[in-house]
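# Structure assessment
Now for the letters of each chain:
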Amino acid sequence: MEKDRSLLKIPYGTRDFLPAEAAGKRVVETRLAELFAQWGYEEVVTPSIEYLDTLSLGGNRGIGNHLFKLFDKENKTVALRHEMTTPIARLVSTRLQDSPLPLKLSYISSVFRYEQAQAGRQCEFYQAGVELMGPGSPATDAEVVALAVSGLLRSGLTEFTVCLGQVEFLNGILNQYRLSEQEQADLKAAMERRNLVELNQLVEQLQLPENAKQVLKKLPLLNGGEELLKSAYDIALNEQSRRALDNLAEIYRLLKAYKVEQYVRFDLGIIRDFSYYTGMVFEVYAPGLGYPLCGGGRYDHLLADFGTACPATGFALGIERILLAIERQKLPMHSLPRDVYVGYAAGKETEAIEKAAQLREQGKSVELAVNSQTETAAKESQQQKNYAAFVYIS
Amino acid sequence: MKSEMEYLTIALPKGKLFGLSARLLEKIGYTAEGLSDKSRKLIISNEEKKIRFIVSKTADVPTYVEYGAADIGVIGKDVLLETEKDVYELLDMGFGKCHLMMAVPKAEKRAKLMDYNHTRVATKFPHIAEKFFRQQGMQMEYIKLNGSIELGPIVGLSESIVDIVETGTTLRENDLEEIVSIQEATARLIANRVSFKLKFDRIHSLVEDLRKVLEAEAAQ
């Protein structure tokens, strides 16, 4: 009978991690877990599946098409989580609502989304991130941005740029010209699709003075350093946008205290794919990677959707994307230590087991031969398996 | 990686858009020795100005840009719509004007568009066609062809075609008649979403320079 070849495939958009790849993933995850703990963030774990209604609440409407859905025993639709912010918001509102604020939580999990699969963009992917629930202050926003930068540095990356924006700046500008809800939605949709040609066409159709049109057309192009923030006050003729700029200026002042300002640029036209963001938003880009490494921001209303109003901010780092950026930037690849290979002559099994135990006790990673070998054969095994040291019991 | 950041890589499509794009880019100082779509070299560099050109098959330009193998590229809106890539669309370059339309054999023209529901349509643009017919509440059978689309109805492969038209000569020569226009298309400047952020200053000034040249030409 011919073997069914389809059994050997794995589903679309998923991948295996072979030992070297899994080691790289493990190293990055371990370093991030340590870092989050050092910053006082406690890890939480939530189920891989949630009710569809939970995941598509509030700002998440429209995510349905990107979810992996299935039915539970009662025929309710459940879905694999597509990100961790919503499950954690649910967890905080229903299980930790009486905990003293601020709450600082972290996670390292796989999430699932239907995507057109390509390297670093699978349907199942791994994210590490934090959520900070508590005062909606610039201090909390600055902390999560600084922690994201530290996380990337700790992961081994050196070259990357954080683009920092504020959704209220954009909303304020759209409001200042008294645009209707539909007009605002159309302009935002064009920006979200990164279609500046369409944005220009839409703006041209609006009944607005020429200088107002110029401002709207420029929105996606407000990208630059500290000086950009200052010049943005000239076009922000409303309280909402000015407050957003004040907020960014204060976050930036604190980022200087964290000594990470050299990684930060302002991008006032930034639009994040999830519409639940309400304040500061950011994305991190690295050369060699065609999509962001990390994204995050403030989402003050999401918890209220679950019944416990509380401001919140956070970010998610893409683990595979970090690994891919390390590879593409030709930085040293992460691997786990392989310290000692223990080989032994015939009849020396007991001594070899004892020796291996002793070395492991000292914190070394030790591979014990599975059968007796000559010293030459054992030496060969050590080299083949890339162990740093060699012990032979004869 | 440092050197990668210094260069700006531009993907240009072979064929009719190539000459127009290259000429326009040259006007703003973006050119390289031996830049031609007939060149056997696939990458043409200008070391002094840190520019690299990739000359590729038309339909591949959005792919190069989406993956970041090229930072920016020039491509027709028709191809861009068909491939649905996640890229920045920065500038309407004005040239390469054409439109996507549905045409049927003149002799067998039916009264309403709806009369073509559940018929076969031959096209190089199945995505755009499907989106269009879905909006009309129509279900069609799409037959993907890679060239000589007009042949479809003539040999009885399909009842209609969806294709791009510049002058309409080919349609007339094949006794086909346009019955509905779907989309206007011109050449667009596109950018990789990360390159646009990381090389913002350079790409932004390139766009502004191009815009000025285009406006000056339009004014003439």
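Note that the coordinates shown come from a computational prediction; the quantities given were computed from them, not determined experimentally.

The next subject is the layout of surface pockets. Residues and elements named next belong to chain B. A volume near 790 Å³ is recorded for the second largest pocket. Every residue lining the second largest pocket is counted, 36 residues in all, and those nearest its centre are Asp 78, Val 79, Lys 124, Phe 125 and Ile 164. At the level of secondary structure, the elements contributing two or more residues to the lining of the second largest pocket comprise helix H2 (16–27), helix H4 (77–83), strand S6 (98–105), strand S9 (160–165) and helix H7 (169–173). It is H4 that contributes the most residues to the lining of the second largest pocket, five residues altogether. Considering only residue class, the lining of the second largest pocket consists of 13 nonpolar, twelve polar and eleven charged.

Here we take up the UniProt feature "domain: ATP phosphoribosyltransferase catalytic" (unreviewed entry) in chain B. Those residues carrying the UniProt feature "domain: ATP phosphoribosyltransferase catalytic" (unreviewed entry) are residues 58–211 of chain B in this numbering. Helix makes up 33% of residues 58–211 of chain B and strand 31%, and the two end C-alpha atoms of the span are 23 Å apart.

Turning our attention to the domain arrangement of chain B. Residue and element names in this part refer to chain B. When the domains of chain B are assigned, the result is domain 1 (2–96 + 186–219) and domain 2 (98–184). Placing a centre on the C-alpha atoms of domain 1 and another on those of domain 2 gives a separation of 31 Å. With nine residues of domain 1 at the interface, the matching set in domain 2 holds twelve residues. Buried surface at the junction of domain 1 and domain 2, summed over both partners, amounts to about 820 Å²; 52% is from carbon and sulfur atoms. When the buried area of domain 1 at its contact with domain 2 is split by residue, Asp 78, Leu 81 and Glu 82 rank highest and sum to 61% of it. Counting every contact that joins domain 1 to domain 2 gives one salt bridge. Notably, a salt bridge pairs Lys 16 with Glu 166, separated by 3.7 Å at the nearest N-O pair. Between domain 1 and domain 2 we count three residue pairs in polar contact (both at pLDDT 80 or more) in total. The element that contributes the greatest number of residues to the side of domain 1 that touches domain 2 is H4, accounting for five residues. Here the residues of the side of domain 1 that touches domain 2 sort into two nonpolar, two polar and five charged.

Turning our eyes to something else, we now look at the pairing of strand S4 (residues 77–80) of chain A. Residues and elements named next belong to chain A. Of the pairings in the sheet, the one linking strand S2 (residues 49–51) to S4 comprises three bridges and is antiparallel in character. Residue pairing across strands places Ile 49 opposite Leu 80, the latter belonging to S4. Here strand S3 (residues 69–71) pairs with S4 via three bridges, running antiparallel. Within S4, the residue paired with Lys 69 across the bridge is Ala 79.

All names here are of chain A. Strand order in the open sheet formed by three strands is S14-S13-S15, and the pairing between neighbours is parallel. This sheet does not close on itself; its edge strands, each paired only once, are strand S14 (366–368) and strand S15 (389–393). Adjacent strand axes in the sheet meet at a mean angle of 20 degrees when their direction is disregarded. In this structure, strand S13 (residues 340–344) lies alongside S15, joined through five bridges in parallel fashion. The partner of Tyr 341 across the bridge, within S15, is Phe 390. Against the sheet, helix H13 (residues 349–361) makes contact with S13, S14 and S15, and its axis sits at roughly 170 degrees relative to S14, the strand it touches most. Sheet strands touched by helix H14 (residues 375–384): S13 and S15. Its angle to S15, the strand with the most contacts, is close to 155 degrees.

This part is about the interface of chain A and chain B. Residue-level contacts link 28 residues of chain A with 25 residues of chain B. Taken together, the two surfaces of chain A and chain B that pack against each other cover about 2,400 Å², and 51% of this comes from carbon and sulfur. The tally of links from chain A across to chain B stands at six salt bridges. In this structure, the salt-bridge partner of Asp267(A) is Lys197(B), at a minimum N-O distance of 2.4 Å. For the side of chain A that touches chain B, the secondary-structure elements that each account for two or more residues are strand S7 (161–166), helix H7 (196–205), strand S9 (264–267) and strand S10 (280–285) of chain A. Looking at the side of chain A that touches chain B, the element that brings in the most residues is H7(A), giving three residues.

Before going further, it helps to examine the sheet that holds strand S2 (residues 43–46) of chain B. Strand order in this open sheet of six strands is S2-S3-S1-S4-S11-S5 (chain B), and the pairing throughout is mixed. Each edge of the open sheet is held by one strand with a lone partner, namely S2 and strand S5 (88–92) of chain B. In this sheet, adjacent strand axes meet at a mean angle of 25 degrees when their direction is disregarded. As paired elements, S2(B) and strand S3 (residues 51–56) of chain B share four bridges and run antiparallel to each other. The residue of S3(B) that forms the bridge with Asn46(B) is Ile51(B). Relative to S5(B), H7(A) is tilted by about 55 degrees, and along the sheet it contacts S5 and strand S11 (187–191) of chain B.

Time to look at helix H3 (residues 85–95) of chain A. Residue and element names in this part refer to chain A. Counting buried residues along H3, nine of its eleven residues qualify, which places the element largely inside the surrounding structure. Within H3 the residues assigned to the buried category are Thr 85, Thr 86, Pro 87, Ile 88, Ala 89, Arg 90, Leu 91, Val 92 and Ser 93. On its buried face, H3 is in contact with S2, helix H2 (52–55), strand S5 (103–112), strand S6 (124–133) and helix H11 (302–305).

Take the pattern of salt bridges next. Inspection of every chain in the model, using the stated rule, returns 36 salt bridges over all chains. For the salt bridge of Arg121(A) with Asp86(B), the shortest nitrogen-to-oxygen distance reads 3.3 Å. Linking Arg121(A) in the loop between S5 and S6 with Asp86(B) in the loop between H4 and S5, this pair reaches from one chain into another. For Glu204(A), the salt bridge identified is with Lys217(A), shortest N-O distance 2.6 Å. Of the two residues, Glu204(A) sits in helix H7 while Lys217(A) sits in helix H8 (residues 210–218), which places them 13 residues apart along the sequence. Overall, Lys217(A) belongs to the buried group, its relative accessible area being 18%. Here the residues in one salt-bridge network are Arg121(A), Arg194(A), Glu283(A), Glu66(B), Lys85(B), Asp86(B) and Arg193(B), joined through shared partners.

Thresholds, definitions, all that
- Residues numbered from 1 in each chain as written.
- Chains lettered and ligands numbered in written order.
- Predicted model: local features only at pLDDT ≥ 70, side-chain atom pairs only at ≥ 80, totals over all residues.
- Heavy atoms only, no water.
- 1 Å grid on protein atoms, 1.4 Å probe; cavity = no way out; pocket = protein on both sides within 12 Å on 5 of 7 lines; lining within 4 Å.
- Points joined across faces, edges and corners; volume = space filled by probe spheres on them.
- Helix = DSSP H or I, 4+ residues; strand = E, 2+ residues; numbered from the N terminus.
- Nonpolar A, V, L, I, M, F, W, Y, C, P; charged D, E, K, R; others polar.
- UniProt positions renumbered as here; feature names shortened; annotations may be inferred.
- Domains from an automatic or database assignment.
- Contact = heavy atoms within 4.5 Å.
- Buried area = accessible area lost by both parts, 1.4 Å probe.
- Salt bridge = Lys/Arg side-chain N within 4 Å of Asp/Glu carboxyl O.
- Polar contact = N/O pair within 3.5 Å; in protein donor to acceptor, adjacent residues only side chain to side chain.
- Pairing = 2+ DSSP bridges.
- Axes fitted to C-alpha atoms, helices over the stretch in contact; angles between N-to-C directions.
- Buried < 20%, exposed > 50% of the residue type's maximum accessible area, 1.4 Å probe, protein only.

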